[in-house]
Amino acid sequence: MIRRLTSPADVFLLSAVFASIILHQFIPSVVLNSSIVDKEEPVFRNHIIRFFKYKEAEDLRGYLERNINSRGWKWVERHNPAMKFPTDFAVVAIEDCIRETLVGKFEELELVKDVSVDFSYQRVVLGENSVGAFADGKKRPGKIFTAMSFGEDDAVGNTSGVQLNLRRKLMMQRSQVTSLFGADAFWSKGYTGSKVKMAIFDTGIRENHPHFRNIKERTNWTNEDTLNDNLGHGTFVAGVIAGQDAECLGFAPDAEIYAFRVFTDAQASYTSWFLDAFNYAIATKMDVLNLSIGGPDYLDLPFVEKVREITANNIIMVSAIGNDGPLYGTLNNPADQSDIIGVGGIDYNDHIASFSSRGMSTWEIPHGYGRVKPDIVAYGREIMGSKISTGCKSLSGTSVASPVVAGIVCLLVSVLHENSRREVLNPGSMKQALVEGASKLSGPNMYEQGAGKVDLLKSLEILKSYEPRASIFPGSLDYTDCPYSWPFCRQPLYAGAMPVIFNVTILNGMGVKGYVESPPMWNPSGEEGKILSVRFTYSDVIWPWTGSLALHMQIKEEGAQFSGDIEGNVTITVYSPPALGEKNPRRSTCALLLRLKVVPTPERSMRILWDQFHNIKYPPGYIPRDSLDVRNDILDWHGDHLHTNFHIMFNMLRDAGYFIETLGSPFTCFDANRYGTLLLVDLEDEYFEEEIQKLKQDVINNGLGIAVFADWYNVNSMINMKFFDDNTRSWWTPVTGGANVPALNDLLAPFGISFGDKILNGDFVINGEQSRYASGTDIVRFPEGGFLHRFPFLDSTESGATQNLLMSGMSKADSPILGLLEIGGGRIAVYGDSNCLDSSHMVSNCYWLLKKILDFTSKKRIDPVLFSDAAKQDKPLNIDSRQLPSRRSDVNFSSYSAVVGNELICGTDSRFEVWGTKGYNLHIRGKQRRLPGYPAFDFERGMNLTLPIPPNKFEFSGANGETHSSGSKFLGYLYGEELDTPELVASHWIIPVVVAAFGLVLLWSFWKVRQKRRRRRKGSGSGRSLAV
């Protein structure tokens, strides 16, 4: 007998059972964790609130509490010496779930400048195998900072044995850098750094250390209750500056040492600790400050701007340029700031140390050109310094070269009388004395050595006769001075080329603030100089002590056949407000000497255009490395420029006779008839629709060649590469893959070419040339009649991005990776990997392949190996559009892109005739490029954070639950899986509420059915009675 539901209790019971089944089957994590969620404490993270004015901390606290009555934030007390003085910032803890709301309320306050996360700094010291912020593919605690690599000679501290004593004596002779720079001559005249306040920001120093005679103050800015140095790094740095032990003498033994302990024993620090310590240094009027730290993130604005405030208060800051050499584009912040004396390292043979970071600065890329850094170099290999308690040892690194220069600065300051030194000395004049007195080394270029090796005696002579003035660094650009003027001296100027940009620094010793009185002028020394057209971009306000001046140089069309040298100078007049006691402003006219080499315009087939515009780098976005085998440097932060991590390729192309120019603006801003090949390598940005259409016309109608070197792109691998940042309590996820394959596919779609999302690895051979395919992608679409090369590779797509991709036993399958196609009047070559051109983490180069590709795309040469019958496509290679790689819709790409959300415009790195326009043959206003499905979220001040995604932002595409937009599961909560974004606060209750509501609707439906049946039974019963 079947029992029917006749009572409301039965209906409710069924609904409850149904709801519990749903909860158990589909969202077990919600059920199991519901009790835990209810008991979880709110998650808070520290934020820095900056104010426009300095006030007492308690006044700032009262101001915030009076104006922000909301719950969800707490005042964070800071117990350190800086609290005795007014401050310009506060630290507050803000609850995660209402962060956006509270930050918005704080920033609406009249006195608040901005609100940002309190970043944590992490560095590694004293380890020869230091790996920086990432180890084995995992992020270490703290902010992303590059490694501090050091080498230590254990024999230096060992006094036993005749051989060891002899070696120790030889090491002492070679490593006493004080005598190598002539410090003895200063000491003999009584100049020993006396009455110079030297601030050392490091790991601290121990009390009563026998190597120091003048430790004035030790302060602790960390959360550890100690003033002592338990790592030895701070003590060593102090010893190089002011040590008095005969075995490891410092430069200025009588300098007043102020030890700021800003790093813990775990080598971690927070921005707020630095801000307080910097404020204290300002309040106590330090003279010199040494900072032997650095990293790639120059967008931590509270830190960067406080450093500028330090120098604006007449404190001379010296900082290490970084230990990421011999790679280019690896300058560390804050040493890469123009107001800081950035120091590189050399060995005792005056060779640039292999560990010393190289320029250029990458702040200005991709839309400009970097500045010359380091400023100077000093000995930094096997330098003697003090141990933690007693004795000496040797270390190597730019962290050692930096205190060498800081000690020299202390000596120079002490020469001038205490009462008058501030009238002459400031960060501007000191940098002028150091760079103008430096000795240029033969061999290294300007982006390796800056002005050259510091020269103590020459710098002293400059200061003795110094009159406040402005100057330019570097003071000349000489195309005949090679290799110092590399890369400029490697390629002469010619008519019709993209402007060559030279970015110099204006040094102003007249005052902390200055102005450019009138536009700079190009003054040719002969008639031939008139064929050079120069435009300028420069700082209207020069502060603090420094400004920028960029020269944009191009040869006029009337110089198309000229061959020879052009000489002249660029002059600029700077003025500063009158100093104390003066009535008139200070004025100074400074000059930049130019000697340029010009050649006739090369033929089209020898000209290559490099696309820099569509490159995105870290910071601000989490742009992952190109080779997933590299596990200790997961960020793409070297600039991806011809003159940074592609500098070896640049030199190779010049040796082959090619002329290669840089495009820093959209494709509409170049004339395709001038170039043989457009070279697209490792690009991460999107493309304007106008660019896609123009490129199609350029290839088919104008005969332009295209060479594309792509990289891996796989959404699941990107999800696996995410990491949780402990100090911001947020998930960081890659903005894109090694290259933006979906964007490249849009660009190449008119030609029937597309890349896939496989991650391939392995070696292959073409015509005897062996190359490594390192985390490259495959070609999945290619037209009939083209030539396609396949090789057996390991497909590591399913193994994840953080595993070893070259495991033995994995099966190989043939994958197409190289395609060549003639279409219309142009030619296209596509290759799925760029790692073989990038000098950062190259396993083996493929320059031979690049040459063959350029022979085809530029010179129309058909190589019999590349164009063999076996490689010819008898039918098109094709896949369904739905199987092509798709964009991630959970990343706010517009925060990093020069295309998405921006207007198409030709910048100052394009030809003068299209500056500020839409480009050639475009007279209509360009539309902003937007991507479908991209939410308009507010990112955290340039941080590369993954954003929350509302469930309705997902796209459902089938029973398997996969979404085209991200490749992840549809509504991951239902599967009990972790999403690749931070969970919504509502995620713990929204689905149970939905299910409960469903149960109530079901209950109401059963009740309605039951009521209807009752009415029917009553009606039928009445009818039967009447019939009877």
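The model shown is predicted, which means the values in this text are computed figures rather than measured ones. (Residues numbered from 1 in each chain as written. Predicted model: local features only at pLDDT ≥ 70, side-chain atom pairs only at ≥ 80, totals over all residues. Heavy atoms only, no water.)

Draft legend 1. Structural detail: the sheet that holds strand β12 (residues 288-291). Pairing is parallel in the open sheet, where seven strands are placed in the order β9-β10-β8-β12-β13-β14-β15. For this open sheet the edge positions go to β9 (215-220) and β15 (376-379), each flanked by a neighbour on one side alone. Sheet twist, expressed as the average angle between the axes of neighbouring strands with direction ignored, equals 25 degrees. Bridging between strand β13 (residues 316-320) and strand β14 (residues 341-346) involves three bridges; their strand directions are parallel. Its bridge partner lying in β14, Val-318 is registered against Ile-341. The strands that helix α8 (residues 233-242) touches are β8 (197-202), β10 (256-261) and β12; relative to β8, the one it contacts most, it runs at about 155 degrees. (Pairing = 2+ DSSP bridges. Helix = DSSP H or I, 4+ residues; strand = E, 2+ residues; numbered from the N terminus. Axes fitted to C-alpha atoms, helices over the stretch in contact; angles between N-to-C directions. Contact = heavy atoms within 4.5 Å.)

Draft legend 2. View of helix α13 (residues 427-437). Among the 11 residues that make up α13, 10 are buried, leaving the element largely enclosed by the rest of the structure. Turning to α13, its buried residues are Pro-427, Gly-428, Ser-429, Met-430, Lys-431, Gln-432, Ala-433, Leu-434, Val-435 and Gly-437. Of the residues that open α13, the one with a side-chain oxygen 2.8 Å from the backbone nitrogen of Gly-428 is Asn-426. (Buried < 20%, exposed > 50% of the residue type's maximum accessible area, 1.4 Å probe, protein only. Polar contact = N/O pair within 3.5 Å; in protein donor to acceptor, adjacent residues only side chain to side chain.)

Draft legend 3. Summary view of the nonpolar core. Ranked by size, the top nonpolar core spans 145 residues in total, and within it Phe-181, Val-405, Met-430, Met-649, Leu-679 and Leu-837 carry the most contacts. Among the elements that line this core, the one with the most residues is helix α11 (residues 398-415), at 12 residues. Discounting residues that sit within four places of it in the chain, Met-430 has contacts with Ile-316, Ile-341, Val-409, Leu-412, Val-413, Leu-425 and Leu-463. The next biggest cluster of nonpolar side chains, apart from the first, holds 47 residues, and it includes Tyr-618, Tyr-687, Leu-695 and Met-718. (Core = buried A, V, L, I, M, F, W, Y, C linked by side-chain atoms within 4.5 Å.)

Draft legend 4. Spatial organisation of the state of the cysteines. Under the criterion given, the structure shown has four disulfides. Shown here is the disulfide that connects Cys-248 with Cys-392, its sulfur atoms set 2.1 Å apart. In this structure, the disulfide formed by Cys-248 and Cys-392 twists by about -60 degrees around the S-S bond and is classed as left-handed. Of this pair, Cys-248 sits in the loop between α8 and β10 while Cys-392 sits in strand β17 (residues 392-395), placing them 144 residues apart in sequence. Disulfide pairing is shown between Cys-669 and Cys-906; the S-S distance is 2.0 Å. Taking the torsion about the S-S bond as the criterion, the Cys-669 to Cys-906 disulfide, at about -95 degrees, is left-handed. Taken as a pair, Cys-669 in the loop between β29 (659-663) and β30 (677-681) and Cys-906 in the loop between α20 (847-857) and α21 (990-1027) lie far apart in primary sequence, 237 residues in all. In the protein, the bonded cysteines, taken in the order they occur along the sequence, pair up as 1-2, 3-4, 5-8, 6-7. (Disulfide = S-S within 2.5 Å.)

Draft legend 5. Layout of the sheet that holds strand β35 (residues 760-766). Within the open sheet, the nine strands sit side by side as β29-β28-β30-β31-β40-β39-β38-β35-β36. Their pairing is mixed. Edge positions in the sheet fall to β29 and β36 (769-776), since each of these pairs with one other strand and no more. The sheet shows a mean angle of 25 degrees between the axes of neighbouring strands, direction not considered. Alignment of β30 against strand β31 (residues 705-709), held across five bridges, turns out to be parallel.

Draft legend 6. Structural view of the packing of helix α16 (residues 647-655) against α20. Running from N to C, α16 and α20 point in directions that differ by 50 degrees, and their axes come no closer than 11 Å. In terms of orientation, α16 lies oblique with respect to α20. In the packing of α16 onto α20, the handedness of the crossing is right-handed. Contact residues: Ile-648, Met-649, Met-652 and Leu-653 in α16; Tyr-847, Leu-850, Lys-851 and Leu-854 in α20. Tallied by class, residues from the contact of α16 with α20 come to seven nonpolar, no polar and one charged. (Parallel < 35°, antiparallel > 145°, perpendicular 65-115°, else oblique. Left-handed = near helix turned anticlockwise from the far one by under 90°. Nonpolar A, V, L, I, M, F, W, Y, C, P; charged D, E, K, R; others polar.)

Draft legend 7. Structural context of the pattern of salt bridges. The full count for this structure, using the stated rule, is 45 salt bridges. Between Arg-213 and Asp-254 there is a salt bridge, with its nearest N and O atoms 2.9 Å apart. Placement of the pair is Arg-213 in the loop between β8 and β9 and Asp-254 in the loop between α8 and β10, with a sequence separation of 41 residues. Judged by relative accessible area, which is 23%, Asp-254 ranks as partly exposed. Note that Asp-565 is salt-bridged to Lys-597, the shortest N-O span being 3.3 Å. Remark: Lys-597 occurs in strand β27 (residues 586-598) and Asp-565 occurs in strand β26 (residues 564-576); sequence separation between them is 32 residues. A relative accessible area of 33% means that Lys-597 is categorised as partly exposed. One connected set of salt bridges, linked through shared partners, spans Glu-557, Asp-671, Arg-674, Arg-911 and Glu-913. (Salt bridge = Lys/Arg side-chain N within 4 Å of Asp/Glu carboxyl O.)

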